[in-house]
Amino acid sequence: MIVTFRFLLAGIIVIGGLVGCSTTRYVPDDAYLLNKIEIQNNAKDISKDELKFYLRQKENVKIIGFWRFHLGLYNLSGRDESNGFNQWLRRIGEEPVLYDELLKQKSNEQLTLFLKNKGYFNAQVTDSVIQTGNKKVKVRYSIEPGKRYRINNVHYRIDDNHLGKLVYADTLQSLLKKGQPFDAEVHDKERERLTRLMRNNGYYNFSKEYIYYLADSALGNYQVNDSLILVKERKSISKEVDTLVAHQKSRIKDVYFLVGFDPQEALQNDSGYLSRFDTLMYEGCHILYGDNLNFRADVLINSNYIFPGQFYSTDLVDKTQSLLSDLQLFRFIDIRFRELPGQKDAEGNKLLQCFIQLSSSRIQSYAFELEGTNSSGNLGAAGIVKYKHKNLLRGAEVFDMRFRTASENQANSDGENRFNTLEVGVDAGLTLPKFVVPFRVESFRKRFNPRTNIKVAYNYQRRPDYTRTIGNARLSYNWKSSNFVSHSFSPIEFSLVNIPVKDSAFWSRIENTTLKHSYTDHLIMNSSYTYLYNEQILPKEKQYWYFRANAEAAGNFLNGLVSLWDGNSDSEFREIMGIRYAQYVKADFDVRYHHIVNEVNSMAYRFFAGVGYPYGNMNTLPFEKRYFVGGANSIRAWPVRGLGPGGFKDTESGYYNQIGDIRLELNAEYRFKLFWRLEGALFADIGNIWNIRETGNEKQDEEGLFKFNQFYKQIAVGIGTGARLDFGYFVFRMDMGVKARDPSLPAGKRWVFGADAFNVNNMAFNFAIGYPF
């Protein structure tokens with residue numbers, strides 16, 4: 001109730017603020033509001049966004065490009081600072097930014113320094129303050145960068161001969177190239193790259209402080225001669241005397257896995273803590289564990305890159321950390337090294353002990369979830385029971401099982417609503433931390449972190465049009481080729497679809513069309529491959545890309561088998577055990593781009609394109625393989641399956657069930673934070689679906705077939721606004737979509753926004769969990 005009251009109150013406050021609240025209400029008489037910062041930048045290869053980062057004072061944030069919403073909330077507070085409501089407004093709002101002469105000077109200095117670090121050694125930054133209204137000023141920074149210096153030659157001075165061999169052998173990978181612009185940031189990245197190179201070759205104690213540069217710009221012609229200097233290690237002989245010695249490599253002497261390690265208990269009882277553990281030697285590694293080792297020892301060894309006798313390598317430490325984390329057996333993983341003073345191997349290298357501390361996580365878990373849904377006015381509820389076992393066969397195999405039941409109402413042609421759809425499903429899956437194949441792939445295991453997934457599922461669906469059951473079994477292999485790229489290959493997947501009940505009115509409409517094949521019993525045996533590139537794992541990045549591509553084919557293997565014993569059959573189609581099988585190819589891709597403008601504003605874009613082509617034994621795609629649009633995660637001005645194909649509109653059925661063979665969709669969404677956990681959004685969605693082949697429905701074939709000279713005229717456009725509650729672990733979302741262009745209307749009348757935009761039939765409300773993309 002308190003949260004609801006605050007939302008209502010905030011709504012009233014915002015409306016009041018729109019009427020006319022002064023932005024300078026809390027600006028003192030002897031001060032000025034920093035109304036705007038303007039950067040006149042003549043450095044063409046440096047963006048204004050890069051320059052803004054170095055400003056020490058910025059104006060109040062805006063949403064929708066012009067509205068200082070957060071400043072408005074702050075200004076709506078009263079002057080009584082002891083009042084709780086005023087305190088709340090000031091906490092969720094933003095205090096006015098007052099112009100500060102000192103911060104302006106520091107901004108000037110930081111901009112100048114940044115430009116010099118980018119190679120503009122003669123850059124000049126001037127600033128001016130312009131009064132733009134009562135108690136408001138604008139600060140303008142004018143940048144004259146001069147000509148940018150470029151790298152002429154890169155020289156090396158390396159005091160340590162062993163390290164020199166590594167550096168010279170790796171110069172092709174250097175980030176410093178002749179002719180490129182001078183950039184201090186690139187120089188620092190080269191230091192980090194060389195530091196990692198050293199640490200990957202056994203130099204455990206090496207750090208980037210041993211590398212520095214001397215840049216000589218006296219050459220003339222706007223060129224710089226670079227000198228990279230790598231010095232020896234400084235070693236103390238006594239309190240007063242230091243000497244320089246060659247860097248020494250470090251070799252791993254012992255590896256200890258501490259299973260069930262408790263950091264807190266270890267701190268409390270440091271001396272006797274490890275004595276409680278039992279010890280097992282496996283593949284040269286010490287495995288220390290408490291009362292019982294709940295998994296096989298090879299689970300750890302197969303996820304480990306660090307072994308006695310190896311030289312230290314940062315990359316191997318990171319890979320071990322990643323592999324152990326993916327096992328899901330441990331809630332805490334810490335890999336530490338301890339030098340052994342005075343001990344060296346036969347070659348004079350230092351010796352290290354490696355301690356891999358593993359705090360066990362809960363092996364089994366249960367969960368019960370209740371969901372409420374509202375998709376374009378269709379209310380629904382669902383209950384889910386989940387069970388998960390992370391170590392089913394003592395080899396880090398993850399078994400999960402889920403039971404779900406859901407019901408949703410749908411409006412019929414008379415506008416009546418009732419809970420007339422029912423879905424009951426159960427699925428179980430087993431994930432093994434390796435490839436289960438009839439040949440050895442041991443090296444592949446550590447390089448690509450593979451997984452084998454086996455899944456079976458059964459689903460019962462009762463809709464107004466039909467009742468359907470789907471049985472499914474799937475074998476798939478997943479692996480990662482880099483931090484951003486993952487792959488999934490499913491060599492075989494079976495789906496058996498049975499439709500025992502069909503509504504007579506619905507069947508009469510499609511009985512004489514090819515669509516009937518999508519609603520008859522059929523078998524699908526397909527193979528598929530999915531490629532995924534996802535930069536979203538980098539939380540600090542201001543922009544990231546997401547790309548997913550999928551391809552699948554079905555029916556060819558079955559068709560070959562059936563041909564062996566039924567090659568001379570004259571029947572219209574072929575069957576296996578009395579069930580027709582589907583034959584098709586299908587491919588689609590999904591591209592997304594997210595751009596974080598600042599701490600309040602962000603943009604998100606998505607483009608989806610997909611096509612499925614049926615052939616051979618079935619001339620339509622199975623229903624579950626066809627595309628649809630509309631709903632909370634698609635074109636939000638239309639209900640789920642309520643749009644298309646093309647310009648076709650189903651006026652006979654009271655239920656939305658529009659599907660197609662081709663889907664094109666483009667979405668753009670502007671997101672902005674308001675206050676507390678509340679966010680707002682403005683969005684635009686465009687797209688549609690189409691058929692590839694004629695269905696036998698004359699009207700649908702006329703309006704719904706994909707034609708290159710027609711499809712762009714059948715694009716639907718929806719716009720809208722939304723509100724989101726971000727609780728961190730999930731986002732509750734409500735979107736209101738409004739039809740702007742309806743392709744089902746006659747030509748010349750399809751742009752409905754403005755003419756009939758607020759007709760309830762042109763609006764849709766969607767409730768969902770999570771962002772749409």
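Definitions and limits used
- Residues numbered from 1 in each chain as written.
- Predicted model: local features only at pLDDT ≥ 70, side-chain atom pairs only at ≥ 80, totals over all residues.
- Heavy atoms only, no water.
- Helix = DSSP H or I, 4+ residues; strand = E, 2+ residues; numbered from the N terminus.
- Buried < 20%, exposed > 50% of the residue type's maximum accessible area, 1.4 Å probe, protein only.
- Contact = heavy atoms within 4.5 Å.
- Areas by Shrake-Rupley, 256 points an atom, 1.4 Å probe, with all protein chains shown as cover.
- Pairing = 2+ DSSP bridges.
- Axes fitted to C-alpha atoms, helices over the stretch in contact; angles between N-to-C directions.
- Expected span 1.5 Å × (residues − 1).
- Arc of directions from axis to C-beta.
- Polar contact = N/O pair within 3.5 Å; in protein donor to acceptor, adjacent residues only side chain to side chain.
- Salt bridge = Lys/Arg side-chain N within 4 Å of Asp/Glu carboxyl O.
- pLDDT = per-residue confidence, 0-100.
- Patch = residues over 30% accessible without salt bridge, like charges linked within 9 Å, V, L, I, M, F, W, Y side chains within 5 Å.
- Lys, Arg positive; Asp, Glu negative; His and termini not counted.
- Charge placed at Lys NZ, Arg CZ, Asp CG, Glu CD.
- Phe/Tyr/Trp six-rings, centres within 6.5 Å; stacked < 30°, edge-to-face > 60°.
- Core = buried A, V, L, I, M, F, W, Y, C linked by side-chain atoms within 4.5 Å.

(A) Highlighting the overall build of the protein chain. Along the backbone of the protein chain there are 14 helices and 31 strands. The 773 residues of the protein chain split such that 45% are buried. Intrachain contacts of the protein chain at a sequence separation of at least 6 include 63% that bridge at least 24 residues. With the model as given, the accessible surface of the protein chain reaches about 39900 Å², and the carbon-plus-sulfur share is 54%.

(B) Structural detail: the environment of Ile363. Relative to the helices and strands, Ile363 resides in the loop between β13 (350-360) and β14 (364-375). Excluding residues that lie within four positions of it along the chain, Ile363 makes contacts with Leu329, Lys388, His389, Lys390 and Asn391.

(C) Seen up close, the sheet that holds strand β1 (residues 33-41). Pairing is mixed in the open sheet, where three strands are placed in the order β1-β3-β2. Only two strands of the sheet have a single partner each, and these edge strands are β1 and β2 (124-133). For this sheet the average axis-to-axis angle between neighbouring strands, irrespective of direction, equals 20°. Pairing geometry for β1 and strand β3 (residues 136-144), over eight bridges, is parallel. When the sheet's bridge partners are listed, Leu34 is paired in β3 with Val137.

(D) Representation of unusual backbone geometry in the model. Of note, the bond from Gly644 into Pro645 is cis; its omega dihedral lies within 30 degrees of zero at -5°. One can find Pro645 in the loop between β26 (601-614) and β27 (662-675). With a phi angle near 65°, Ala396 is a residue other than glycine that sits in the positive phi range. Its location among the elements puts Ala396 in the loop between β15 (378-389) and β16 (398-409). The class of Ala396 is buried, set by a relative accessible area of 3%.

(E) Focus on helix α7 (residues 184-199). For α7, which comprises 16 residues, the first-to-last C-alpha distance of 23 Å matches the rise-based estimate of 22 Å (1.5 Å per residue) to within 8%. For α7, the set of buried residues is His187, Glu190, Arg191, Leu194, Thr195, Leu197 and Met198. Angular distribution of buried residues about the axis of α7 spans 160°; they occupy a single face of the element. Next to the buried residues of α7 lie β4 (150-158), α6 (161-169), β5 (211-216) and β6 (223-230). By the N-cap criterion, in which a side-chain oxygen at the helix start approaches the backbone nitrogen of a residue two or three places on, α7 is capped by Asp183, the distance to Glu185 being 2.9 Å.

(F) Highlighting the pattern of salt bridges. Taken as a whole and judged by the stated rule, the model has 41 salt bridges. Between Glu185 and Lys118 there is a salt bridge, with the nearest N and O atoms lying 3.5 Å from each other. Of this pair, Glu185 sits in helix α7 while Lys118 is found in the loop between α5 (101-117) and β2, placing the two residues 67 residues apart along the sequence. As a salt-bridge pair, Glu669 and Arg724 come within 3.0 Å of each other at their nearest N and O atoms. Placement of the pair is Glu669 in strand β27 and Arg724 in strand β29 (residues 716-726), with a sequence separation of 55 residues. Just as Glu669 is buried, Arg724 falls in that class too. Ionic contacts of the salt-bridge type, sharing partners, join the residues Arg636, Glu669, Arg671, Asp685, Arg724, Arg733 and Asp735 into one network.

(G) Representation of the pairing of strand β22 (residues 543-554) within the structure. With burial as the criterion, only one face of β22 is covered, namely that bearing Tyr544, Tyr546, Arg548, Asn550, Glu552 and Ala554; the residues Gln543, Trp545, Phe547, Ala549, Ala551 and Ala553 on the opposite face remain uncovered. Relative to β22, strand β21 (residues 522-534) runs antiparallel, the two sharing nine bridges. Bridging across to β22, Ser528 finds its partner in Glu552. Inspection of the sheet shows β22 paired to strand β25 (residues 584-596) by twelve bridges, in the antiparallel sense. Its bridge partner lying in β25, Gln543 is registered against His595.

(H) The pairing of strand β10 (residues 278-282), seen in detail. Sheet analysis places β10 next to strand β11 (residues 285-289), joined by five bridges and oriented antiparallel. Counted as the bridge partner of Tyr282 is Cys285 from β11. Between β10 and the antiparallel strand that follows it, β11, lie two residues; Glu283 among them carries a positive phi value of about 55°.

(I) A look at the sheet that holds β11. Spatially, five strands are ordered β10-β11-β9-β13-β12 in an open sheet, and the strand pairing comes out mixed. Two strands close off the open sheet at either side, each with one partner strand: β10 and β12 (330-344). Averaged over all neighbouring strand pairs, the angle between strand axes comes to 20°, with direction disregarded. Summarising the sheet, strand β9 (residues 250-259) and β11 pair through three bridges and their orientation is parallel. Directly across from Tyr256, in β11, lies its bridge partner His286. Here helix α10 (residues 314-326) sits on the sheet and contacts β12 and β13; the angle it forms with β12, its principal contact strand, is near 150°.

(J) Main features of the confidence of the model for the protein chain. Of all residues in the protein chain, 90% have pLDDT values of 70 or greater, and the mean over the chain is 88. Within the protein chain, α5 carries the highest mean pLDDT (97), whereas helix α1 (residues 2-20) carries the lowest (46). The model gives residues 1-9 a pLDDT under 50, and that stretch makes six contacts with residues more than four places away or in other chains.

(K) Representation of a nonpolar patch on the surface in the model. There is a patch of nonpolar side chains on the surface, built from Phe368, Leu370, Val385 and Phe403 and spanning about 440 Å² of accessible area. Along the chain, the position of Val385 falls in strand β15.

(L) Structural detail: a positive patch on the surface. Together, Lys36, Lys48, Lys52, Arg56, Lys58, Lys106 and Lys542 make up a positively charged patch on the protein surface. Inspection of the secondary structure assignment puts Lys52 in helix α2 (residues 48-52). Taking the relative accessible area as the measure of exposure, Lys52 reaches 39% and is therefore partly exposed.

(M) The packing of aromatic side chains, seen in detail. Taken as a whole and assessed by the stated rule, the structure comprises 39 aromatic pairs. For the ring pair Tyr26 and Tyr74, a centre distance of 5.8 Å and an interplane angle of 80° mean the geometry is edge-to-face. Taken together, the residues span a long stretch of sequence, with Tyr26 in the loop between α1 and β1 and Tyr74 in helix α3 (residues 69-75) at a distance of 48 residues. For Tyr26, a relative accessible area of 15% puts it in the buried group. On the numbers, 6.0 Å between centres and 80° between planes, the contact of Trp690 with Phe711 is edge-to-face. Within this pair, whereas Trp690 is found in strand β28 (residues 678-690), its partner Phe711 is found in the loop between α14 (698-704) and β29, the two being separated by 21 residues in sequence. The exposure class assigned to Trp690 is buried, which follows from its relative accessible area of 0%. Joined through ring pairs, the aromatic side chains of Trp67, Phe69, Phe85, Trp88 and Phe675 make up one cluster.

(N) Structural view of the nonpolar core. If you look at the biggest cluster of nonpolar residues, it comprises 30 residues, and the most contacted ones within it are Phe257, Leu300, Phe330, Phe337 and Leu358. Those elements giving two or more residues to this core turn out to be β9, β11, α9 (297-301), α10, β12 and β13. Setting aside residues no more than four positions away along its own chain, Leu300 makes contact with Phe257, Val259, Ile287, Phe295, Leu324, Phe330 and Leu358. Residues Ile37, Tyr99, Leu111 and Ala123 belong to the second largest nonpolar core, which totals 19 residues.

(O) Region of interest: α10. The terminal C-alpha atoms of α10, which comprises 13 residues, lie 19 Å apart, in line with the 18 Å expected from a rise of 1.5 Å per residue. Buried within α10 we find Thr314, Val317, Thr320, Leu323 and Leu324. Backbone geometry just downstream of α10 places Gln328 in the positive-phi region, at approximately 65°.

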